[in-house]
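# Examining the three-dimensional arrangement
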Amino acid sequence: MNPHNVNEGQKSLPIRLGKTAALFLFIGILGFLFIKVVGPILQTGPELVVEGILSGVPLLIAAGCGIAAVTAKIAASAHRVRA
């Protein structure tokens, strides 16, 4: 028995995409909260640009992964119905 094959296979694509979406959503929320706490302390003009990078980009990635997970789940369900 190979100790590295505990789960006996990989998770499905929608599950992996959903977990990736959750991770990037978490990163985006942490970035947003970080900017809201640190931003008033710094009182800088480029705060919006930094906020967009730290929270906006991970949130866009999370949204893309979430949409891809739903699409993959629908495609898998449609494929099972036809087969």
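Here is a short report on the structure shown in this document. Just so you know, these numbers come straight off a predicted model, no measurement behind them.

Turning our eyes to something else, we now look at the overall build of the protein chain. If you tally the helices and strands in the protein chain, you get two helices and zero strands. Partitioning the intrachain contacts of the protein chain with sequence separation of at least 6 by distance along the chain shows that 68% fall at a separation of at least 24. Surface exposure of the protein chain reaches about 6400 Å², of which carbon and sulfur atoms provide 73%.

Looking at where Lys73 falls in the secondary structure, it is placed in helix α2 (residues 47-82). Relative accessible area serves as the criterion here: at 45%, Lys73 is assigned to the partly exposed category. A sequence separation of 60 residues divides Lys73 from Leu13, and the C-alpha atoms of the two residues are 8.1 Å apart.

Let's shift gears to the environment of Leu17. For Leu17, the location among the structural elements is in helix α1 (residues 13-42). A C-alpha to C-alpha distance of 6.7 Å links Leu17 and Gly66, two positions 49 residues apart in sequence. Not counting the four nearest positions on each side in its chain, Leu17 is found in contact with Cys65, Ala68 and Ala69.

Turning next to a nonpolar patch on the surface. Together, Leu25, Ile29, Phe32, Leu33 and Leu59 make up an exposed nonpolar region whose accessible area comes to about 410 Å². Element by element, the count of residues in the nonpolar patch is highest for α1, at four residues. Note that Leu25 resides in helix α1.

Its place among the elements puts Phe24 in helix α1. Judged by relative accessible area, which is 24%, Phe24 ranks as partly exposed. C-alpha of Phe24 to C-alpha of Leu59: the two residues are 35 residues apart in sequence and 6.4 Å apart in space. Sequence-distant contacts of Phe24, that is, excluding residues within four places in its chain, are made with Pro58, Leu59, Ile61 and Ala62.

Procedures and definitions
Within each chain, residue numbers correspond to sequence positions counted from 1 in written order. Two thresholds apply to this predicted model, a pLDDT of at least 70 for residue-level local features and 80 or more for giving and counting side-chain atom pairs, whereas whole-chain, interface and lining totals are computed over all residues. Only heavy atoms go into the side-chain values, all of them from the structure, while hydrogens and water stay out. Where helices and strands are cited, they refer to DSSP runs of H or I of at least four residues and of E of at least two residues respectively, numbered from the N terminus. When checking whether two residues touch, look at their non-hydrogen atoms; a contact exists if any pair is within 4.5 Å. Each accessible area is a Shrake-Rupley estimate made with a 1.4 Å probe; only the visible protein chains count as cover when residues are assessed. Relative accessibility under 20% of the residue-type maximum defines a buried residue, over 50% an exposed one, and the middle range a partly exposed one, all with a 1.4 Å probe and only protein chains included. For patch building, the residue pool is restricted to those with more than 30% relative accessible area and no salt bridge; the joining distance is 9 Å between like charges and 5 Å between nonpolar side chains (Val, Leu, Ile, Met, Phe, Trp, Tyr). Between Lys or Arg on one side and Asp or Glu on the other, a salt bridge is scored when a side-chain nitrogen of the former is within 4 Å of a carboxyl oxygen of the latter.

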